[in-house]
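Now for the letters of each chain:
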Amino acid sequence: MRFSLSHRRALIGHDIAVKVTAAAKETIARVATELDGRTLARDALAPPEVQYERMFHQVGGAGPGQDHVLAVRATSADGTTTVASLRWNDVS
């Protein structure tokens, strides 16, 4: 699976974009997204799909010096789980 994760500081919290693309002969059955240990979404895709995209607006906290971890877990139809993460620090 291929992941594309991005974030942008928002007026409140962060705007986050998540995209997961299945490899050849693979489909995506579930996607779980967490920011700083808190669940943003647990999506079950029925029927399984070859691409998943979701935007989250104004989520999480933001402030100078805060560290963040965005973790995305994608599970294929055969039960294989792949994980990707994005880490950043709020500078100011």
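Up top is the structure these notes are about.
Positions within a chain are numbered from 1, following the residues in the order the chain's sequence is written. Note on the predicted model: pLDDT of at least 70 is required for a residue's local features to be given, and 80 or more for side-chain atom pairs to be given and counted; whole-chain, interface and lining totals, by contrast, use all residues. The side-chain values count all of the structure's non-hydrogen atoms but skip hydrogen atoms and water molecules.

## What to know about the pairing of strand β3 (residues 28–35)
Note the cut-off: Categorising residues by exposure relies on relative accessible area from a 1.4 Å probe, with only protein chains included: less than 20% of the type maximum marks a residue as buried, more than 50% marks it as exposed, and the intermediate range marks it as partly exposed. A run of H or I in DSSP becomes a helix once it reaches four residues, and a run of E becomes a strand once it reaches two; helices and strands are each numbered from the N terminus. Whether two strands pair comes down to DSSP finding at least two bridges between them.
In terms of burial, β3 is a largely internal element, six of the eight residues being buried. Bridging between β3 and strand β4 (residues 38–49) involves seven bridges; their strand directions are antiparallel. Within β4, the residue paired with L35 across the bridge is R38.

## Examining the nonpolar core
Here is the rule we go by: Only buried residues count toward a nonpolar core, which is a set of Ala, Val, Leu, Ile, Met, Phe, Trp, Tyr and Cys residues joined through side-chain atoms within 4.5 Å. Two residues qualify as a contact provided that any one of their heavy atoms is within 4.5 Å of a heavy atom in the partner residue.
Within the largest apolar cluster, 18 residues are counted, with the highest numbers of intra-cluster contacts made by I16, V18, V20, I28, Y52, L70 and V72. Every element with two or more residues in this core is listed here: β2 (14–21), β3, β4, β5 (51–59), β6 (67–76) and β7 (81–89). Once residues lying within four places of it in the same chain are set aside, the contact partners of V20 are M1, R2, F3, I28, V50, Q51, Y52, V72 and A74.

## A closer look at the environment of Y52
Stated formally: Between N or O atoms, a polar contact is any pair within 3.5 Å; within protein, one atom must be a potential hydrogen donor and the other a potential acceptor, and residues adjacent in sequence are included only when both atoms are from side chains.
The residue Y52 is located in strand β5 in this model. One polar contact links Y52 to D43, side chain to side chain, over a distance of 2.5 Å.

## Some details on the sheet that holds β3
Strand-to-strand pairing in sheets goes through backbone hydrogen bonds, with the strands running parallel or antiparallel. As a reminder, the rule being used: Working convention: axes come from line fits to C-alpha atoms, limited for helices to the stretch in contact. Angles between N-to-C directions cover 0 to 180 degrees.
Strands sit in the order β4-β3-β6-β7 across an open sheet of four strands; the sheet is antiparallel. Pairing within the sheet leaves two strands with one partner each, and these edge strands are β4 and β7. Across the sheet, the mean angle from the axis of one strand to that of its neighbour is 10°, orientation sign disregarded. Of the pairings in the sheet, the one linking β3 to β6 comprises seven bridges and is antiparallel in character. Pairing of R30 across the sheet is with T75, part of β6.

## Overview of the side chain of S76
Relative to the elements of secondary structure, S76 occurs in strand β6. Residues within four places of S76 in sequence aside, it is in contact with M1, E26, T27, I28 and A29.

## What about the sheet that holds β2?
Spatial strand order, β1-β2-β5: three strands in an open sheet with antiparallel pairing. Since the sheet does not close on itself, it has two edges, and those belong to β1 (2–9) and β5, each with one partner. Neighbour to neighbour, the strand axes of the sheet diverge by 10° on average, direction disregarded. Here β2 runs beside β5; their pairing, made up of seven bridges, is antiparallel. Bridge assignment links I16 to a residue of β5, and that residue is F56.

## A short note on the environment of G61
One can find G61 in the loop between β5 and β6. The partly exposed category is assigned to G61, whose relative accessible area is 34%. Measuring from C-alpha to C-alpha, the distance between G61 and D36 comes to 9.2 Å, with 25 residues separating the pair along the chain.

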